[in-house]
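# Observations on the three-dimensional arrangement
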Amino acid sequence: PWTDLGFQLPGAHRAPLLVGTGPLTAGSSGTLALSQAAPSAFSTLFVSLVGQVSPFKCGMLVPVPPALQLPLFTNGAGAISLGWSAWPRGLSGASLYFQYAIVDPEALCGVALSNAVRADVP
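Thresholds applied
Residues numbered from 1 in each chain as written. Predicted model: local features only at pLDDT ≥ 70, side-chain atom pairs only at ≥ 80, totals over all residues. Heavy atoms only, no water. Disulfide = S-S within 2.5 Å. Helix = DSSP H or I, 4+ residues; strand = E, 2+ residues; numbered from the N terminus. Polar contact = N/O pair within 3.5 Å; in protein donor to acceptor, adjacent residues only side chain to side chain. Core = buried A, V, L, I, M, F, W, Y, C linked by side-chain atoms within 4.5 Å. Buried < 20%, exposed > 50% of the residue type's maximum accessible area, 1.4 Å probe, protein only. Contact = heavy atoms within 4.5 Å. Patch = residues over 30% accessible without salt bridge, like charges linked within 9 Å, V, L, I, M, F, W, Y side chains within 5 Å. Areas by Shrake-Rupley, 256 points an atom, 1.4 Å probe, with all protein chains shown as cover. Salt bridge = Lys/Arg side-chain N within 4 Å of Asp/Glu carboxyl O. 1 Å grid on protein atoms, 1.4 Å probe; cavity = no way out; pocket = protein on both sides within 12 Å on 5 of 7 lines; lining within 4 Å. Points joined across faces, edges and corners; volume = space filled by probe spheres on them. Nonpolar A, V, L, I, M, F, W, Y, C, P; charged D, E, K, R; others polar. Phe/Tyr/Trp six-rings, centres within 6.5 Å; stacked < 30°, edge-to-face > 60°.

### Observations regarding the state of the cysteines
Applying the stated criterion to the full structure yields 1 disulfide. Two residues, Cys 58 and Cys 109, share a disulfide whose sulfurs are 1.6 Å apart. On the criterion of sequence distance, the pair formed by Cys 58 in the loop between strand 5 (54–56) and strand 6 (59–61) and Cys 109 in the loop between strand 9 (95–103) and strand 10 (111–113) is long-range, its members being 51 residues apart.

### Here's the deal with the side chain of Gln 99
Counting through the fold element by element, Gln 99 comes out in strand 9. Here Met 60 takes part through its backbone oxygen, which lies 3.3 Å from a polar atom of the side chain of Gln 99.

### Topic: the nonpolar core
Trp 2, Leu 18, Leu 32, Leu 34, Phe 98, Tyr 100 and Ile 102 are the most contacted members of the largest nonpolar core, which totals 20 residues. At the level of elements, strand 3 (30–35), strand 4 (42–48), strand 9 and strand 11 (116–120) are the ones that each hand at least two residues to this core. With 4 residues, the single largest contributor to this core is strand 9. In this structure Leu 32 touches Trp 2, Leu 18, Val 19, Gly 20, Leu 45, Ile 80, Ser 81, Leu 82, Trp 84, Phe 98 and Val 117, once residues within four positions along its chain are discounted.

### Details of a nonpolar patch on the surface
Taken together, Phe 7, Val 53 and Met 60 make up a surface patch of nonpolar side chains, about 220 Å² in accessible area. Examined against the element boundaries, Met 60 turns out to sit in strand 6. Met 60 sits in the partly exposed class, given a relative accessible area of 31%.

### Examining the layout of surface pockets
A water-sized probe rolled over the atoms picks out the places where empty space is left. Approximately 220 Å³ is the volume attributed to the largest pocket. Around the largest pocket, the lining residues are Trp 2, Leu 32, Val 47, Leu 82, Gly 83, Trp 84, Trp 87, Pro 88, Leu 91, Leu 96 and Phe 98. By residue number, the principal contributor to the lining of the largest pocket is strand 8 (residues 80–84), which donates 3 residues. Looking at the lining of the largest pocket, its residues break down into 10 nonpolar, 1 polar and no charged.

### Description of the packing of aromatic side chains
Geometry of an aromatic ring pair is reported as the spacing of the ring centres plus the angle between the planes. Counted by the stated rule, this structure contains 5 aromatic pairs. Measuring from ring centre to ring centre gives 6.4 Å for Trp 2 and Trp 84, while their planes differ by 35°; the resulting arrangement is tilted. A residue pair is termed long-range when its members are at least 10 positions apart, and Trp 2 in strand 1 (residues 2–6) and Trp 84 in strand 8 qualify at 82 residues. Aromatic pair Phe 46 and Phe 56: ring centres 5.7 Å apart, planes at 70°, arrangement edge-to-face. You can see Phe 46 sitting in strand 4 and its partner Phe 56 sitting in strand 5, a full 10 residues away along the chain.

This is the structure we're talking about:
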């Protein structure tokens, strides 16, 4: 149910990589994991029900308009792992779009972007 949509904007530590795992069926577990980002950096996870590619800093943001902006920090390895033990009911048939923006002073325009991923809920 996970599709890599691309649109990465590299930072000082390569292009941040976002990967979703899990079947997205009600009650199932899964993970949304970011890697290859700047270590200990302020980040924002953008989440939307719409995937409209729009300019953002020097790259392209896919989850537009965002329904949720979740501020987080990468760990010392430049990663964030968000897991769930039970996917919620009521999202059947929906598509969700996810992408991170990571503050990275060495990146073009000071921000790196992960690839965007689409989660198609069965």
